[in-house]
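If you want the building blocks of each chain, they are given just below.
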Amino acid sequence: MAAVTCPLCEATCGLDVTFEGPKVTKVRGDDADVFSGGYICPKGASLGALHHDPDRLRAPLVKRDGEFVEVSWDEAFAEIHARLLPVIEAHGKDAVALYVGNPSAHNLGNLLYGRVFYKALGTKNVFTAGTVDQVPKHFSSGYLFGSGLSIPVPDLDRTEHLLVLGANPLVSNGSLMTAPDARGRLKGIQRRGGKIVVVDPRRTRTAELADEHHAIRPGTDALLLFAMVNVLFTEGKVRLGRLAEHVNGVDEVRELAREFTPEAVAGPTGIDAAEIRRLALELADAEHAAVYGRIGTTTQSFGTVASWLVDVLNTLTGNLDEPGGAMFPLAAAGQPNSSNPRPKPFRTGRWKTRVHGLPEVLGEVPVGVLADEILTPGEGQVRALITVSGNPCLSTPNAERLTGALEQLDFMVSLDVYLNETSRLADVILPGPSPLERPHFDVALYQYAVRDVANWTPATLPTDLPQEWQTMLRLTGIVTGQGPDADIAALDEFVAAEAARRSGLDPAVSDRTGPERLVDLMLRAGPYDLTLADLEAAPHGVDLGPLKQRVPEVLTTASGKIELAPGPITEDVPRLARELAKVPDGEMVLIGRRHLSSNNSWMHNLEPLVRGQNRCTVQVHPEDATRLGLTDGGQAVVHSRAGKIEVPVEVTDVIRPGVVSIPHGWGHDPQGMRTAVATAHAGVNTNLLSDETQMDALSGTSVLNGIPVEIAPA
């Protein structure tokens, strides 16, 4: 039996995995894990199915005469060397684009060594899943606190009042809020006599558990939040507490909120003015409270403003950086700016996209413009693409157009364990080992954990496949002119020496190699006087305690204070104010949803996670179904500006009238894939409906919630 940290979602649960030789025979929750305490969800229980999945690639593939053939690793890298370098030499570095998917954040080798390769490649055309997910939160945190990675999270274990907007942690297991056993933690709030309030167009599983649910109109969260800010000022409920000397911009926020009265926003939001006032006053009067907004608030047209207002509310109620409020985790390794005592102030727009002139945020540009960057001729046109653990043909807007664009590329490489909707279009596919065949440490996710912990998982099974960090270094060798057979050990020594230099350490302090050495160096440079050996001696994790107060040292703005009214965000408030005059006209709008057994599209190829009835349905309220002639179990055609799909109907009162919901990550029916289970449970791709032209004005994040649609019987 081996203690393993689950790498399949953000919860970082501890698992006990039982083997008979190389075969996984049982996966259960690790009762001794310091963070999850035995909790397990269906995704974690499927780890054995993933490891043994016969469709999972175990050798590189190269496309020859339109067909994939297995080749040696040397042949695969020789193919990349022969075809990628001519693109760069003829058209420049920006002719190569990168797309990095969410699973990279759960993969230590990709996370630590991917940045080495990306920097060596030097392209400005970096796209990630972030601009269909969370970039607005990074944008707002950067201008509020000084770093896009300094994101406060709810102190779930001590709060007494939790306001949740556009999030479903009972299904997501937390998101930008690493929280194993979210259900148990939320019930803990109620056991303490506290209250949970959910604002969401759907009555989600979290809303079912909550004490209150308010079915807001999609895309209007910023209006609701601003009205609550307005109430705090008009009712004299602003309480900065110990933050008073650390905050700039309170008076500016007061003026900005003046026109967003509860009465003014009631019509657009669909929430009564008296209810809005009560929500604000109860939040202000709670002894320990936190506001938490997630993907429903970030993937809308005012995603950045909504993200900003979440923390404005946390600040004005005196709950930011307070126990039981919204606090800044202090991770054992990889703290933002921990190696630089004088970081540069956060800024965006250091470069802009070629076709639409959209600004960069955190080194990436909006994925909604990727198709245009490929299809639009001219200097800087994208001619090659490298995808890393990503499936943009399912997960990005107007997926049909993007798929057509990828077919026009001169060359494409996919680092992926499956031949899926996106990688089928590649010329070379480089697989990696299974999660049980590689070491694991959650560098990224512990930055957002609701308790400070650290846990190291060594590889539990051997493999003949190269580790992803070795693949990344071989790619680095190619783009830096060292050829397809570069000295990986020498490159690793260089990476480690640079990491040690940035941390103020002697590289000789660690005698390890690869990710183990980098994690060891980060731990030694971290705040807890830990080494990797300490974690190896504690296979169930090290508990570093509850969240700690970190203001002012966490603040890295130019002023050293919380900038509550930063110009790059408040410049979008007039656009929001124009929404006050809009009257709902009966238009149907689409939102997404997720299931506990589904996180990323590749999980649909695991038999344990697709059992039961087809869950890829369009949910419609009974009133709308009657009006539109839709029947439960029947088929409907859903149209948008971008496209149309046919999908089974699920009539249910969990959805607000005027809103329909289709889950993301489905649509596994293109030709040329090797995902037998997913294909047998194909579902439909909701991103055939999402509109690549609709984005949050500040961050460029795609609008995936509140998409205008028409729906009719098929």
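In what follows, the structure referred to is the one given above.
Summarised in this report is the structure supplied together with it. In this text, all values refer to a predicted model and were calculated from it rather than measured experimentally.

## Details of the overall build of the protein
Okay, so step 1: Looking only at helices and strands, the protein features 25 helices and 26 strands.
Okay, so step 2: Scaling as 2.2 N^0.38, a compact globule of 714 residues should have a C-alpha radius of gyration of about 27 Å, and the protein matches this with 24 Å.
Okay, so step 3: Judged by the C-alpha coordinates and their principal axes, the protein covers about 70 × 60 × 55 Å.
Okay, so step 4: Among the 714 residues that make up the protein, the fraction classed as buried is 63%.
Okay, so step 5: The contacts of the protein with a sequence gap of at least 6 include a subset with a gap of at least 24, amounting to 75%.

## A word on the sheet that holds strand β26 (residues 707-713)
Okay, so step 1: Around the barrel, 6 strands lie side by side as β21-β25-β22-β24-β23-β26; this closed barrel has mixed pairing. Going across the sheet, the axis of each strand differs from the next one's by a mean of 45°, ignoring polarity.
Okay, so step 2: Of the strand pairs in this sheet, strand β23 (residues 635-639) and strand β24 (residues 644-651) are connected by 5 bridges, and their pairing is antiparallel. Residue pairing across strands places Q635 opposite P648, the latter belonging to β24.

## Regarding helix α3 (residues 73-91)
The periodicity of an α-helix, 3.6 residues per turn, causes residues three or four positions apart to be oriented the same way.
Okay, so step 1: The end-to-end C-alpha distance of α3, which contains 19 residues, comes to 27 Å, matching closely the 27 Å that a straight helix rising 1.5 Å per residue would cover.
Okay, so step 2: Looking at α3, one finds that the buried residues are W73, A76, F77, E79, I80, L84, L85, V87 and I88.
Okay, so step 3: Count one or two residues on from α3 and you reach G92, which has phi positive near 95°.

## What about the state of the cysteines?
Okay, so step 1: Evaluated as defined, the whole model comprises 0 disulfides.
Okay, so step 2: Note on C6: no disulfide assigned, nearest cysteine sulfur contributed by C9 at a separation of 6.0 Å.
Okay, so step 3: Overall, the relative accessible area of 6% leaves C6 in the buried class.
Okay, so step 4: Sulfur of C9: no disulfide; nearest cysteine sulfur belongs to C41 and is 5.3 Å away.

## Points about the pairing of strand β13 (residues 289-293)
Okay, so step 1: β13 sits mainly inside the fold: 5 of its 5 residues count as buried.
Okay, so step 2: Because side chains alternate across β13, one face comprises the buried residues A289, V291 and G293, and the other comprises A290 and Y292, equally buried.
Okay, so step 3: With 5 bridges joining them, strand β9 (residues 161-165) and β13 adopt parallel strand pairing. For L165, the partnering residue across the bridge sits in β13 and is G293.

## As for unusual backbone geometry
Okay, so step 1: Of note, the bond from V551 into P552 is cis; its omega dihedral lies within 30 degrees of zero at 20°.
Okay, so step 2: Relative to the elements of secondary structure, P552 occurs in the loop between β19 (542-543) and β20 (562-563).
Okay, so step 3: At N398, a position not held by glycine, the phi torsion is positive, near 45°.
Okay, so step 4: With respect to the helices, strands and loops of the structure, N398 is situated in the loop between α16 (392-395) and α17 (399-406).
Okay, so step 5: One non-glycine residue, D529, lies in positive phi territory at about 55°.
Okay, so step 6: Relative to the assigned elements, D529 resides in the loop between α20 (514-525) and α21 (532-536).

## Thoughts on the sheet that holds strand β1 (residues 2-5)
Okay, so step 1: Ordered in space as β1-β2-β3, the 3 strands form an open sheet in which the pairing is antiparallel. With partners counted over all chains shown, the strands left at the sheet margins are β1 and β3 (23-29), one partner each. When strand polarity is set aside, the average angle formed by the axes of neighbouring strands in this sheet is 35°.
Okay, so step 2: Relative to strand β2 (residues 14-20), β1 is paired through 4 bridges, and the arrangement is antiparallel. Bridge pairing links V4 to L15 in β2.

## Comments concerning the pattern of salt bridges
Okay, so step 1: In this structure the tally under the stated criterion is 44 salt bridges.
Okay, so step 2: Across the pair E322 and R242 runs a salt bridge, and its minimum N-O distance is 3.9 Å. In this pair, E322 sits in the loop between α14 (303-316) and β14 (326-327) while R242 sits in the loop between α9 (221-234) and β12 (247-248), placing the two residues 80 residues apart along the sequence.
Okay, so step 3: A relative accessible area of 21% means that E322 is categorised as partly exposed.
Okay, so step 4: The partner of R627 in a salt bridge is D624, with the nearest N and O atoms 2.8 Å apart. Of the two residues, R627 and D624 both sit in helix α24 (residues 622-628), 3 residues apart, roughly one turn of that helix.
Okay, so step 5: Taking relative accessible area as the criterion, R627 reaches 51% and is therefore assigned exposed.
Okay, so step 6: Through salt bridges with shared partners, a single ionic network connects K195, E212, E275, R278 and E282.

## Some details on a positive patch on the surface
Okay, so step 1: Taken together, the side chains of R183, K187, R191, R192 and R205 present a region of like positive charge at the surface.
Okay, so step 2: With respect to the helices, strands and loops of the structure, K187 is situated in helix α7 (residues 182-191).

## Regarding the pairing of strand β4 (residues 61-64)
Okay, so step 1: Note that β4 and strand β5 (residues 67-70) share 4 bridges and pair antiparallel. The residue bridging V62 from the neighbouring strand is V69, located in β5.
Okay, so step 2: As consecutive antiparallel partners, β4 and β5 are separated by 2 residues, and within that stretch D65 has a phi angle of approximately 55°, a positive value.
Okay, so step 3: Both β4 and strand β17 (residues 428-430) contribute to a ladder of 2 bridges, which runs antiparallel. The residue bridging V62 from the neighbouring strand is V428, located in β17.

## Section: the layout of surface pockets
Okay, so step 1: Its boundaries defined by the atoms lining it, the second largest pocket holds a volume of some 970 Å³.
Okay, so step 2: If you go around the second largest pocket, you meet 35 residues; those closest to its centre are P218, E579, E587, V589 and G706.
Okay, so step 3: Elements with a contribution of two residues or more to the lining of the second largest pocket: α23 (573-577) and β26.
Okay, so step 4: Partitioned by chemical class, the residues of the lining of the second largest pocket number 15 nonpolar, 10 polar and 10 charged.

## Structural notes on the environment of G29
Okay, so step 1: For G29, the location among the structural elements is in strand β3.
Okay, so step 2: Residue class for G29 comes out buried when judged on its relative accessible area of 5%.
Okay, so step 3: Each C-alpha atom, one on G29 and one on G325, is 29 Å from the other, the two residues being 296 residues apart in sequence.
Okay, so step 4: Filtering out sequence-adjacent residues up to four positions away, G29 remains in contact with G14, L15, D16, G38, Y39 and I40.

## Quick word on the environment of H440
Okay, so step 1: By secondary structure assignment, the location of H440 is in the loop between β17 and β18 (453-454).
Okay, so step 2: Exposure remark for H440: the relative accessible area of 4% places this residue in the buried category.
Okay, so step 3: Linking H440 and R115, residues 325 residues apart in sequence, is a C-alpha distance of 17 Å.
Okay, so step 4: With residues near it in sequence (within four places) discarded, H440 still touches T5, C6, P7, H106, L108, N455, W456 and T457.

The rules behind the values
For every chain, the first residue of the written sequence is number 1, and numbering continues from 1 along that sequence. Restriction of local features to residues with pLDDT of at least 70 applies here, the model being predicted, together with a cutoff of 80 or more for giving and counting side-chain atom pairs; totals for whole chains, interfaces and linings are based on all residues. The basis for every side-chain value is the complete set of non-hydrogen atoms in the structure, without hydrogens or water. Under the DSSP-based scheme used, a helix requires at least four consecutive residues in state H or I and a strand at least two consecutive residues in state E, with every element numbered from the N terminus. Atoms counted for the radius of gyration: C-alpha only. Globule rule: 2.2 Å times the number of residues to the power 0.38. Burial classes: relative accessible area under 20% of the type maximum marks a residue as buried, over 50% as exposed, and values in between as partly exposed (1.4 Å probe, protein chains only). Any two residues whose heavy atoms approach within 4.5 Å at even a single point are treated as in contact. For two strands to pair, DSSP has to find at least two bridges joining them. Lines fitted to C-alpha atoms define the axes here, with helix axes fitted over just the stretch in contact, and angles between the N-to-C directions of these axes take values from 0 to 180 degrees. Expected helix span is computed as 1.5 Å times (number of residues minus one). The disulfide definition used here is simple: a pair of cysteine sulfur atoms within 2.5 Å. Should a side-chain nitrogen of Lys or Arg be within 4 Å of a carboxyl oxygen of Asp or Glu, the pair is scored as a salt bridge. Think of a patch as exposed residues, more than 30% relative accessible area, with no salt bridge, where like charges cluster within 9 Å and nonpolar side chains (Val, Leu, Ile, Met, Phe, Trp, Tyr) cluster within 5 Å. Where accessible areas are quoted, they stem from the Shrake-Rupley method and a 1.4 Å probe; at the residue level, only the protein chains shown are allowed to cover. Note that His is not counted, nor are the chain ends; the positive residues are Lys and Arg, and the negative ones are Asp and Glu. Taken as the charge location is NZ of Lys, CZ of Arg, CG of Asp or CD of Glu. The rule is simple: put a 1 Å grid over the protein atoms alone, call a set of points where a 1.4 Å probe fits but cannot get out a cavity, call an open set with protein on both sides within 12 Å along at least five of seven lines a pocket, and count a residue as lining if it has an atom within 4 Å of a point. Grid points are joined across faces, edges and corners, and a volume is the space filled by probe spheres set on the points. Note on residue categories: nonpolar means Ala, Val, Leu, Ile, Met, Phe, Trp, Tyr, Cys or Pro, charged means Asp, Glu, Lys or Arg, and polar means any other residue, Gly included.

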